[in-house]
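Here are the chains, one letter per residue:
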Amino acid sequence: MDEYSVGVLTNIGLFSFLALSAYLLLIAGEMSFGQQAFFGVGAYAGGVLTAIYGVPLPLAALAAMASGALAAVLIGLPTLRLRGLYFAMATLAAAEMARILFELLHFQREIGGALVGPDGTQGFRGIRWVFERGVEPLEYLAIVYGLLFIILVAFVRIERSHLGVTLRSIGADPELAASLGVDVNRLKLGVAAAAGALAALGGVLFAHHNTYIEPRNFDIMLGVHSLAYALIGGLGTAFGPLLGVLVDLGLLEGTRVFQGYRMIVFGGLVAVLLVFRPRGLLDERVVHWIHARAFKRP
Amino acid sequence: MLADLVQNTLDGLTAGAAYALLAVGFTLIFGVLRRVNLSYGAAILFGVYFATWTSLHFQADLLVLALLTIAATVLAGAYVERLCFAPHYPSRGSPRAGASSGSIAAMVASFALWMQFEEAAILALPQHLYAFPPLHTGEPLRFGQFFLRVESLYLLLAAVAVCALLYTILYRTRFGLAVRAVVDVPVAAQLAGINLSSVFVRIFALASAIGGLAGFLIAASHEQVTPMLGMWSTVKGMLAMMLGGLGSLPGAVAGGLVLGLVEAHSQWYFGPQMRDLIAYLLIFVLLALRPAWMTRWTSTRSAS
């Protein structure tokens, strides 16, 4: 595989984490405009740990996930009781605050004769842990997809479990779920924390893939894209968000056929698709149909 | 000290008038449809870029440019309405469900068209910055040591005129009655023979026209346009709407002015990054706390 294809595939994997994070909240009935903030928190936290303190990447990734989950809980506590669009707006405001805080963040240390660390709007250069360990692009690709595979297996298992059914019941009708004894608030907070950790994991991998991050990476555009990925792919299965990322990054950006017109094609495609499939390509009905076919008892 | 305070307040009102106009259009759609139109700013960008393109190629009067901007914005708005909102209108019952799949689909679809407008604008006029004919040439108004740009008076006047016009339409016409009925009790309005979709279409056209007017006045008072105008209009209009309590027209005007004032003062004392941070923090806290006056304004009855 040439370098370009590896790069495109890696990006597809990285943004899938973010799309899955948006998807997790969507099936629990919450539309967040702010998952990019946790992607950013993970990128910055992981980058600082490996580049400045020399922490090994696996440990840094765990710490980044913990900080993503913590940030998500802090934002979730005052906002998760808000309904629908109010929650979307509040998460949007929170994410923009996070982006501006990244712009104000100056934390540089001299490492090996060069200044390393977040330098406000100038960005954060030299997140070179992966590069310095001699990890090949193909190996990194394998790491990204290995982690993604583990997460997908977890998603599939959870969605078939009691917990998964409970989550979808909250998404469909929180009052009804609460009346059946589901602790809606606690469960939503847990979902927000898991989604934050998931986005942060994507962020830390993104930072170490690019070696350079800047606050602009984590703006509203990224957040709305991740929502769009989850929605066009479909809300019926965790493979939906992956399909969404694949359509945009793989088909449109990767093939370079629509260069210069990519957004016009993608935009039109998404809008028309949503006319016919308002819950995405792989929505609940399609997934149910596939299940019924594939696991039919003889 | 005091002189700075007064001058900043004047500057804040100028910016606030623009925000108020943007917020009125945004709020009209949100208040009636209960949907967020993310491509509101992008449609304005389309209108303003169309006028800019015209002014680059033809000799055009300022009034002609204003009408062209409004017409192109309404056209772009109609495209958004047909493709993103019309397919997701509720067939029966209430259109005001929370994060129902219809409202998510409409919002994401409108975001998709935002991408289209932005790329189309950049393809048509690829430079980062274009000059736009000025609204007013000459000295700003002076009051002793303070000055106020004449453009801001136009913006404030336009905001007042648009509000008066909307008030007349909503409270003095049959169409306004239909709109208020749809906002109050959608099901009853449908039973009384009001066509929901036709009300929505006309509200969308009205909001786009207001957005086009706002876009023209903003471009002509800044005397330049960049592709950032689309995102800027959507974000500022949305922020002002949120400050005003989501769905109230007087609230949108107040929210726009408050946003302008808060921005002007915090920029003066803390710099541009803190200005944005403070604006978002204010909105986050207001949304999280939901004080009584916000809930009152967002109650259905005062939504128009």
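Cut-offs used in this document
- Residues numbered from 1 in each chain as written.
- Chains lettered and ligands numbered in written order.
- Predicted model: local features only at pLDDT ≥ 70, side-chain atom pairs only at ≥ 80, totals over all residues.
- Helix = DSSP H or I, 4+ residues; strand = E, 2+ residues; numbered from the N terminus.
- Rg over C-alpha atoms; globule rule 2.2 N^0.38 Å.
- Buried ≥ 20, exposed ≤ 12 C-beta atoms within 10 Å, placed from the backbone.
- Contact = placed C-beta atoms within 7 Å.
- Nonpolar A, V, L, I, M, F, W, Y, C, P; charged D, E, K, R; others polar.
- Core = buried A, V, L, I, M, F, W, Y, C linked by C-beta atoms within 7 Å.
- Pairing = 2+ DSSP bridges.
- Axes fitted to C-alpha atoms, helices over the stretch in contact; angles between N-to-C directions.
- Parallel < 35°, antiparallel > 145°, perpendicular 65-115°, else oblique.
- Left-handed = near helix turned anticlockwise from the far one by under 90°.
- pLDDT = per-residue confidence, 0-100.

S.K.: Hey, could you run me through the overall build of chain A in this one?
M.R.: Assigned secondary structure in chain A consists of 13 helices and 3 strands. Against the 2.2 N^0.38 benchmark of 19 Å for 298 residues, chain A shows a C-alpha radius of gyration of 19 Å, consistent with a compact globule. Projected onto the principal axes, the alpha-carbon positions of chain A cover approximately 65 × 45 × 40 Å. Burial status across chain A gives 49% buried among its 298 residues.

S.K.: Whenever I open this one, the overall build of chain B confuses me. Can you help?
M.R.: Counting its secondary structure elements, chain B contains 12 helices and 4 strands. Its C-alpha atoms give chain B a radius of gyration of 19 Å, near enough to 19 Å, the size a compact globule of 304 residues would have. Projected onto the principal axes, the alpha-carbon positions of chain B cover approximately 60 × 50 × 35 Å. The 304 residues of chain B split such that 51% are buried. Within chain B, contacts between residues separated by at least 24 positions form 78% of all contacts whose residues are at least 6 apart in sequence.

S.K.: Which parts of the structure should I look at to understand the interface of chain B and chain A?
M.R.: Many authors give the size of an interface as the accessible area that is lost as the parts come together. Tallying the contact residues gives 32 residues for chain B and 35 residues for chain A. At the level of secondary structure, the elements contributing two or more residues to the side of chain B that touches chain A comprise helix 3 (62–85), helix 4 (101–124) and helix 11 (272–289) of chain B. With 15 residues, helix 4 of chain B is the largest single contributor of residues to the side of chain B that touches chain A. When grouped by side-chain class, the residues that make up the side of chain B that touches chain A number 23 nonpolar, 6 polar and 3 charged.

S.K.: What is the right way to read the nonpolar core from this model?
M.R.: A general feature of soluble globular proteins is that nonpolar side chains tend to end up buried together. Residues and elements named next belong to chain B. Ranked by size, the top nonpolar core spans 196 residues in total, and within it Ala20, Leu21, Val108, Ala109 and Ile203 carry the most contacts. Counting residues per element, this core draws most heavily on helix 1 (residues 2–33), at 16 residues. If we skip the residues at most four places from it in the chain, Leu21 touches Leu155, Ala158, Ala159, Val162, Ile210, Leu213 and Ala214.

S.K.: What exactly am I supposed to notice about the pairing of strand 2 (residues 114–118) of chain A here?
M.R.: Residues and elements named next belong to chain A. Examined bridge by bridge, strand 1 (residues 109–111) and strand 2 share 3 bridges and lie antiparallel to one another. For Glu110, the partnering residue across the bridge sits in strand 2 and is Leu115. Hairpin connection, strand 1 to strand 2: the antiparallel pair is bridged by 2 residues, and Gly112 has positive phi, about 55°. For strand 2 and strand 3 (residues 124–125), the ladder comprises 2 bridges, and the chain directions are antiparallel. Within strand 3, the position partnered with Pro118 by the bridge is Phe124. Between the antiparallel neighbours strand 2 and strand 3 lie 5 residues, among them Gly120 with a positive phi of about 55°.

S.K.: Whenever I open this one, the sheet that holds strand 3 of chain A confuses me. Can you help?
M.R.: Within a beta sheet, neighbouring strands are joined by backbone hydrogen bonds and run either parallel or antiparallel to one another. All names here are of chain A. Across the sheet, which stays open at both edges, the 3 strands sit in the order 1-2-3 with antiparallel pairing between neighbours. With partners counted over all chains shown, the strands left at the sheet margins are strand 1 and strand 3, one partner each. In the packing of helix 2 (residues 35–51) onto the sheet, contacts are made with strand 2 and strand 3, and the angle to strand 2 comes to roughly 155°.

S.K.: Would you mind going over the packing of helix 3 of chain B against helix 8 (residues 196–222) of chain B with me for this structure?
M.R.: Relative placement of two packed helices is described by the angle separating their axes and the distance separating the axes. Residues and elements named next belong to chain B. Where helix 3 meets helix 8, the axes come as close as 8 Å, and the angle between the chain directions of the two elements is 140°. In terms of orientation, helix 3 and helix 8 fall into the oblique class. Considering the relative orientation of helix 3 and helix 8, their crossing is right-handed. Where helix 3 abuts helix 8, its residues Leu65, Ala66, Thr69, Ile70, Thr73, Val74, Gly77, Ala78, Glu81 and Phe85 lie against Phe200, Val201, Phe204, Ala205, Ser208, Ala209, Gly211, Gly212, Leu213, Gly215 and Phe216. When grouped by side-chain class, the residues that make up the contact of helix 3 with helix 8 number 13 nonpolar, 7 polar and 1 charged.

S.K.: Would you mind showing me how to read the environment of Ala192(A) here?
M.R.: Residues and elements named next belong to chain A. Mapped onto the elements, Ala192 comes out in helix 9 (residues 184–210). The exposure class of Ala192 is buried, given the 29 C-beta atoms found within 10 Å. Among residues more than four places away in sequence, those in contact with Ala192 are Leu25, Ala72, Val73, Gly76 and Leu80.

S.K.: How do you make sense of unusual backbone geometry when you look at a structure like this?
M.R.: Peptide bonds are mostly trans, and most non-glycine residues show a negative phi. A positive phi angle, near 65°, is found at Thr211(A), a position not held by glycine. Its location among the elements puts Thr211(A) in the loop between helix 9 and helix 10 (220–233). A positive phi angle, near 55°, is found at Arg34(B), a position not held by glycine. Along the chain, the position of Arg34(B) falls in the loop between helix 1 and helix 2 (40–57). What makes Arg34(B) buried here is the crowd of 25 C-beta atoms within 10 Å.

S.K.: Just to check I follow, could you spell out the packing of helix 2 of chain A against helix 4 (residues 84–104) of chain A for this structure?
M.R.: Residue and element names in this part refer to chain A. Running from amino to carboxyl end, helix 2 crosses helix 4 at an angle of 30°, the nearest separation of the two axes being 8 Å. Viewed along their axes, helix 2 and helix 4 adopt a mutual orientation that is roughly parallel. For the pair helix 2 and helix 4, the sense of crossing is left-handed. On helix 4, the residues touching Gln36, Ala37, Gly40, Val41 and Tyr44 of helix 2 are Ala94, Ala95, Ala98, Arg99 and Phe102. Here the contact of helix 2 with helix 4 is composed, by residue class, of 7 nonpolar, 2 polar and 1 charged.

S.K.: Could you clarify how one ought to interpret the confidence of the model for chain B in this entry?
M.R.: Any residue range with low pLDDT should be treated as having predicted coordinates unsuitable for detailed reading. Residue and element names in this part refer to chain B. Chain-level statistics for chain B give a pLDDT mean of 85 and a share of 92% at 70 or above. The secondary structure element of chain B with the lowest average pLDDT is helix 12 (residues 292–298), at 55, and the one with the highest is helix 2, at 94. Note on residues 93–99: pLDDT under 50 across the span, and 17 contacts to partners over four residues away in sequence or across chains. A low-confidence stretch, residues 298–304 (pLDDT under 50), is modelled with 19 contacts involving residues beyond four sequence positions or located in other chains.

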